[in-house]
Amino acid sequence: MKEKSKKTVNNSKDDLRSALIKKALGYDYKEVVEEYVSGEEGEVKLAKKKVTKKNVPPDITAIKLLLENQPNVSSMTDEQLELEKERLLNLLKNNGKEK
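Note that this is a predicted model, so its numbers are computed, not measured.

K.L.:
Explain the nonpolar core to me, please; I cannot follow it from the model alone.
P.N.:
Generally speaking, a soluble globular protein has its nonpolar side chains buried in company with each other. Ile 21, Ala 24, Ala 62, Leu 66 and Leu 91 together form the largest nonpolar core, which totals 5 residues. Listing elements by their share of this core, those giving two or more residues are helix 1 (2-25) and helix 2 (60-68). What Leu 66 contacts, discounting residues up to four positions off in sequence, is Arg 17, Leu 20, Ile 21 and Ala 24.

K.L.:
Explain the environment of Asn 55 here, please?
P.N.:
Of note, Asn 55 is situated in strand 2 (residues 44-56). Take Asn 55: its relative accessible area is 52%, and that puts it in the exposed class. Between the C-alpha atom of Asn 55 and that of Tyr 29, which follows or precedes it by 26 residues, the distance is 6.4 Å. Reaching out from Asn 55, the side chain makes a polar contact with the side chain of Asp 28 at a distance of 2.5 Å.

K.L.:
I'm lost on the environment of Lys 45 in this one. Help?
P.N.:
Relative to the elements of secondary structure, Lys 45 occurs in strand 2. For Lys 45 and Glu 35, which are 10 residues apart along the polypeptide, the C-alpha to C-alpha distance reads 8.6 Å.

K.L.:
Teacher, can you tell me more about a negative patch on the surface here?
P.N.:
A cluster of acidic side chains, namely Asp 78, Glu 79, Glu 82 and Glu 86, defines a negative patch on the protein surface. In this structure, Glu 79 sits in helix 3 (residues 78-93). According to the relative accessible area criterion, Glu 79 is exposed, its value standing at 64%.

Reading guide: rules and limits
- Per-chain numbering applies: the sequence of each chain, read as written, is numbered from 1 onward.
- A pLDDT threshold of at least 70 governs which residues receive local features in this predicted model, and a stricter bar of 80 or more applies before side-chain atom pairs are shown or counted, although totals over entire chains, interfaces and linings include all residues.
- Side-chain numbers come from the whole structure's heavy atoms, not from hydrogens or water.
- Only buried Ala, Val, Leu, Ile, Met, Phe, Trp, Tyr and Cys residues count toward a nonpolar core, and they belong to the same one when joined by side-chain atoms within 4.5 Å.
- Summary of the burial criterion: residues with accessible area below 20% of their type's maximum are buried, those above 50% are exposed, and those between are partly exposed, where the area comes from a 1.4 Å probe applied to protein chains only.
- By the criteria applied, helices consist of DSSP H or I runs no shorter than four residues and strands consist of E runs no shorter than two, each listed in order from the N terminus.
- Contact between two residues is taken to exist if any of their heavy atoms lie within 4.5 Å; hydrogens are not considered.
- Side-chain atoms alone can form a polar contact between residues adjacent in sequence; in general such a contact is a pair of N or O atoms within 3.5 Å, and within protein one must be able to donate a hydrogen while the other accepts it.
- In this analysis, a patch consists of residues with relative accessible area above 30% that form no salt bridge, clustered at 9 Å for like charges and at 5 Å for the nonpolar side chains Val, Leu, Ile, Met, Phe, Trp and Tyr.
- Per-residue accessibility takes into account occlusion by the displayed protein chains alone, with areas from the Shrake-Rupley method and a 1.4 Å probe.
- Any carboxyl oxygen of Asp or Glu that lies within 4 Å of a side-chain nitrogen of Lys or Arg is treated as forming a salt bridge with it.
- Note that His is not counted, nor are the chain ends; the positive residues are Lys and Arg, and the negative ones are Asp and Glu.
- By convention, the charge on Lys lies at NZ, on Arg at CZ, on Asp at CG and on Glu at CD.

Shown next as structure tokens:
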């Protein structure tokens, strides 16, 4: 039972970190607005559908929080620094989606 709750906590942390990275980098989303009208026989029909692409810009507070929680690079070995560099480059390539 404890192992399952640990996995849930780790998944929640991963989800929160992914959401924070998404907020820090900014993202696009689509907003859908639909208008319906009732027909002659009482049936409901779609009259208008408007899809708008919107952008959420990068959030400075999220960036600051991510930077504050980065590992202390001054105490890392050259090998650890190289691994961290690769991780960050992959993170940028994947637009913030860690694997």
